[in-house]
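Here is what each chain is made of, one letter per residue.
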Amino acid sequence: MPRIKNILFIMADQLRWDYLSCYGHPHLKTPNIDRLAERGVRFNRAYVQSPVCGPSRASFYTGRTVFSHGATWNLVPLPIGELTLGDYLRPHGVTTAVVGKTHMIPDRDGMARFGLNASTDIGCLVSQPGFDPYERDDGLHPDPLLKNKGGKLRYNDWLRSLGYEGDNPWNDYANAGEGPDGEILSGWYLKNSNLPARVVEEHSETAYMTMRAREFITEMGDTPWLCHLSYIKPHWPYIAPAPYHDMYGADTFLPPHRSQSERHDPNPVFEAFMGMEVSQTFSEQGVRETVLPAYMGLIKQIDDHLGRLFDWLEETGKSKDTMIVFTSDHGDYLGDHWLGEKELFHEESVRVPLLVYDPREEADATRGEVCNDFVEAIDLVPTFIEATGAAPAPHRLEGRSLMPLLRGETPADWRDSVFSEIDYAFYSARETLDLGPSDARGYMIRTESWKYIHFKGFPPQLFNLKEDPDEFVDLGRSPSHADIRQTMHNRLLERLLARKNRTTMTDEDVLGVRDKESRSGIIIGRWKETEAAE
């Protein structure tokens, strides 16, 4: 196949897989994202390696599981030795840049050990992690956090140039509403979610990031590029600019997906998460009804801006040599299963949309098709490597290229399960369970029929997905399902043992070691001088 020249890698933060019309939402229409599905492949069963921003993204960027790369939560740095997208593509001449969020923090201890700082070219790449930070913005800038970081944010500078006053327009305009007497009502409080943001729509974060992505692509000219357009929304603060703040009402909301039976003698870890403040709040009457207009409106806004970006790519002819990928880093419970946020392993949290448009003729046969094979976040790095012709790294990468699936060919040995994990040491649930920081771990393995979740120190969870697709009936302590649990536990162990940890030597080099020993005169165990055995 001819090589792909450019890649537009789009990620929406905290976007549920089922909140797009191409994935079946009956009321939230996303025609531009749907257009991408019509021109490419819609992967119906895509899963993240962890349902938390930082570790999920680290897996998207490294092609390795959290168990392997070690960035287990948002504030845990990716170790300096881990390679990311830019490290694979840049030697091949592909400028690899981020516009928006990565939620990754630098390994400052590792950088200091090698005398690196972010002011140098290599230090900047290592700290970003591997991306050129064309427009790095993680979208988490309340006043105290911004001041601790020195008060620097390019988006704030841009807003101030447009007349938005104050030290932090991000906080006071883009993510706040206004009361009847002109008072600022913070979008951090869920009760304000249905208010219009104080910023006009064309100056919102979504509009700004789309503009900056277009500027980056224009600046690249004929230079090959990967642009990671990483939208900050629909992640909280849940607040949308007009007219998106009130496009959706009660008649468009999906009912809460939860059952009273889930609250009867639940798994201890599940119970601890149900007891967290965010879960308690989202379980109260009226909260979902206040938040959903903003959540859905923010998704609609992303779709509208992507429509304009896609049109521009077509007008300029760039769509002919640009692979476009759309996905999310995890979902959002929104009160389903009596939970808020993400973190655990129900489909609402761990399953994501994934659309891939390959402009080459070899992908024509699969345009508009739906792929039901299991795919994972770690599959994108090897896909991008193969698409651009960059050097493969099977000794390090744990995902598999999606290229055969994009051509309509499912390899006989394609995976029949997906894996995800959580380090919940950073949550109040750990304190509720009286666990040490190294003991709050959970691991999921999901097959066609079963989902098994192992919690260190607690009973597992088990769901029969054929008979209970809602995941309401936990069979983790059912005596009659002991054999199934053991089988799934063994499969989980096999996946954990399959990690790639010999990352500094290729498989080819491993196979050549014995020959090199013989040629160098290293002789082990031979009785007398004789010709070497074949």
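The structure this text deals with has already been given above.
Conventions we followed
Residues numbered from 1 in each chain as written. Predicted model: local features only at pLDDT ≥ 70, side-chain atom pairs only at ≥ 80, totals over all residues. Heavy atoms only, no water. Helix = DSSP H or I, 4+ residues; strand = E, 2+ residues; numbered from the N terminus. Rg over C-alpha atoms; globule rule 2.2 N^0.38 Å. Buried < 20%, exposed > 50% of the residue type's maximum accessible area, 1.4 Å probe, protein only. Phe/Tyr/Trp six-rings, centres within 6.5 Å; stacked < 30°, edge-to-face > 60°. Lys NZ or Arg CZ within 6 Å of the ring centre and 35° of its normal. Core = buried A, V, L, I, M, F, W, Y, C linked by side-chain atoms within 4.5 Å. Contact = heavy atoms within 4.5 Å. Salt bridge = Lys/Arg side-chain N within 4 Å of Asp/Glu carboxyl O. Pairing = 2+ DSSP bridges. Axes fitted to C-alpha atoms, helices over the stretch in contact; angles between N-to-C directions. Expected span 1.5 Å × (residues − 1). Parallel < 35°, antiparallel > 145°, perpendicular 65-115°, else oblique. Left-handed = near helix turned anticlockwise from the far one by under 90°. Nonpolar A, V, L, I, M, F, W, Y, C, P; charged D, E, K, R; others polar.

A.B. asks: Sorry, what's going on with the overall build of the protein here?
C.D. replies: Helix and strand content of the protein: 19 helices and 15 strands. The C-alpha atoms of the protein give 24 Å as radius of gyration, which agrees with the globular expectation for 534 residues (24 Å, within 12%). Projected onto its principal axes, the C-alpha coordinates of the protein cover approximately 95 × 65 × 50 Å. Buried residues in the protein amount to 58% of all 534 residues.

A.B. asks: Where do I start with the packing of aromatic side chains in this structure?
C.D. replies: Evaluation of the coordinates by the stated rule reveals 20 aromatic pairs. Centre to centre, the rings of phenylalanine 273 and tyrosine 424 are 5.7 Å apart; their planes meet at 65 degrees, and the pair counts as edge-to-face. Here tyrosine 424 lies in the loop between β12 (418-423) and α17 (428-432) and phenylalanine 273 lies in helix α11 (residues 268-274), a separation of 151 residues in the sequence. Through a chain of ring-to-ring contacts, three or more aromatic side chains come together here, namely Trp73, Phe273, Tyr424, Phe426 and Tyr427. One Lys or Arg, arginine 42, reaches over the ring of tyrosine 23 and ends 4.9 Å from the middle of that ring. Over the ring of tryptophan 338 we find arginine 263, and its NZ or CZ is 4.0 Å from the ring centre.

A.B. asks: Explain the nonpolar core here, please?
C.D. replies: Where a protein is soluble and globular, its nonpolar side chains tend to be buried together. Grouped together as the largest cluster of nonpolar side chains are 73 residues, with contacts concentrated most on Phe9, Phe43, Met323 and Tyr424. If we ignore the near neighbours within four places in the chain, the residues touching phenylalanine 9 are Phe60, Tyr61, Leu85, Leu226, Cys227, His228, Leu229, Val325, Thr327, Leu380 and Phe384. If you look at the next biggest cluster of nonpolar residues, it comprises 60 residues, including Leu15, Leu159, Ala197 and Ile302.

A.B. asks: Looking at this model, I keep getting lost on the pattern of salt bridges. Mind explaining?
C.D. replies: Side chains that differ in charge, positive against negative, can pair when their charged atoms come close. Taken as a whole and judged by the stated rule, the model has 35 salt bridges. Put simply, glutamate 135 and arginine 154 hold a salt bridge, and the shortest N to O gap is 3.3 Å. Of this pair, glutamate 135 sits in strand β4 (residues 132-136) while arginine 154 is found in helix α8 (residues 154-161), placing the two residues 19 residues apart along the sequence. The class for glutamate 135 is buried, based on a relative accessible area of 2%. Judged by relative accessible area, arginine 154 falls into the partly exposed class, the value being 44%. Between aspartate 439 and lysine 456 there is a salt bridge, with its nearest N and O atoms 3.1 Å apart. Within this pair, whereas aspartate 439 is found in the loop between α17 and β13 (441-446), its partner lysine 456 is found in the loop between β14 (450-455) and β15 (461-464), the two being separated by 17 residues in sequence.

A.B. asks: Please explain the environment of tryptophan 188 as it appears in this structure.
C.D. replies: Within the element layout of this structure, tryptophan 188 appears in the loop between β6 (184-186) and α10 (205-220). Accessibility expressed as a relative area gives 31% for tryptophan 188, which makes it partly exposed. Along the sequence, tryptophan 188 and valine 287 sit 99 residues apart, while their C-alpha atoms lie 13 Å from each other. Each residue touching tryptophan 188, except ones within four places of it in the same chain, is listed here: Leu140, Pro142, Trp170, Asn171, Trp236 and Pro237.

A.B. asks: Would you take a moment to explain the sheet that holds β13 for this structure?
C.D. replies: Backbone-to-backbone hydrogen bonds join strands into a sheet, with any given pair of strands oriented parallel or antiparallel. The strand order β12-β13-β14-β15 describes an open sheet built from four strands, whose pairing is antiparallel. What marks the edges here is a single partner per strand, and that holds for β12 and β15. Between one strand and the next, the sheet's axes are offset by a mean angle of 10 degrees, whatever the strand orientation. When β13 meets β14, the two strands line up antiparallel, connected through five bridges. When the sheet's bridge partners are listed, glycine 442 is paired in β14 with phenylalanine 455.

A.B. asks: When you look at the pairing of strand β8 (residues 322-328) in this model, what are you seeing that I'm missing?
C.D. replies: Both faces of the sheet carry side chains from a regular strand, because those side chains alternate between them. When you tally the buried positions in β8, you get seven out of seven residues, the bulk of the element. Pairing between strand β1 (residues 6-12) and β8: seven bridges, direction parallel. Each residue of the ladder has a partner; that of asparagine 6, found in β8, is threonine 322. As judged from the four bridges shared by β8 and strand β9 (residues 351-357), these two strands associate in the antiparallel manner. What sits directly across from phenylalanine 326, in β9, is leucine 355.

A.B. asks: How should unusual backbone geometry be read in this particular structure?
C.D. replies: Most peptide bonds take the trans configuration, and most residues that are not glycine carry a negative phi. With an omega of 10 degrees, the peptide bond between lysine 233 and proline 234 qualifies as cis. Inspection of the secondary structure assignment puts proline 234 in the loop between β7 (225-231) and α11. Cis rather than trans, the peptide bond between alanine 242 and proline 243 has omega equal to 5 degrees. Here proline 243 lies in the loop between β7 and α11. One non-glycine residue, aspartate 434, adopts positive backbone phi at about 55 degrees. Looking at where aspartate 434 falls in the secondary structure, it is placed in the loop between α17 and β13. Positive phi outside glycine occurs at glutamate 471, with the angle close to 60 degrees. Within the fold, glutamate 471 resides in the loop between β15 and α18 (482-497).

A.B. asks: Quick question: what am I supposed to make of the environment of proline 91 here?
C.D. replies: Position of proline 91 among the secondary structure elements: in the loop between α4 (85-89) and β3 (95-100). Taking the C-alpha atoms as reference points, proline 91 and alanine 391, 300 residues apart in sequence, are found 8.9 Å from one another.

A.B. asks: For this particular structure, what's the right way to read α10?
C.D. replies: Residues lying three or four places apart along an α-helix face the same way, a consequence of the helix completing one turn every 3.6 residues. An ideal rise of 1.5 Å per residue puts 22 Å on 16 residues; α10 measures up with 23 Å between its terminal C-alpha atoms. Inspection of α10 places Glu205, Thr206, Ala207, Tyr208, Met209, Thr210, Arg212, Ala213, Phe216, Ile217 and Met220 among the buried residues, and these make up the whole buried set. Buried residues belonging to α10 abut β3, β4, α8, α9 (169-174), β7 and α13 (287-315). Backbone geometry just downstream of α10 places glycine 221 in the positive-phi region, at approximately 60 degrees.

A.B. asks: So what exactly am I meant to see when it comes to the packing of α10 against α13 here?
C.D. replies: Helix-helix packing is characterised by the crossing angle of the two axes and by the distance between the axes. Following both chains from N to C, one finds α10 and α13 inclined at 20 degrees, their axes separated by 10 Å at the closest point. The pairing of α10 with α13 is recorded here as roughly parallel in orientation. Considering how the two elements wind past one another, α10 and α13 form a crossing that is right-handed. Residues Thr206, Ala207, Thr210, Arg214, Ile217 and Thr218 of α10 form the contact with α13, whose participating residues are Gln301, Ile302, His305, Leu309, Trp312 and Leu313. Considering only residue class, the contact of α10 with α13 consists of six nonpolar, five polar and one charged.

A.B. asks: What exactly am I supposed to notice about the side chain of aspartate 303 here?
C.D. replies: Here aspartate 303 shows up in helix α13. Those residues in contact with aspartate 303 that sit more than four places away from it in its chain are Lys29, Thr30, Pro31, Asn32 and Ile33.

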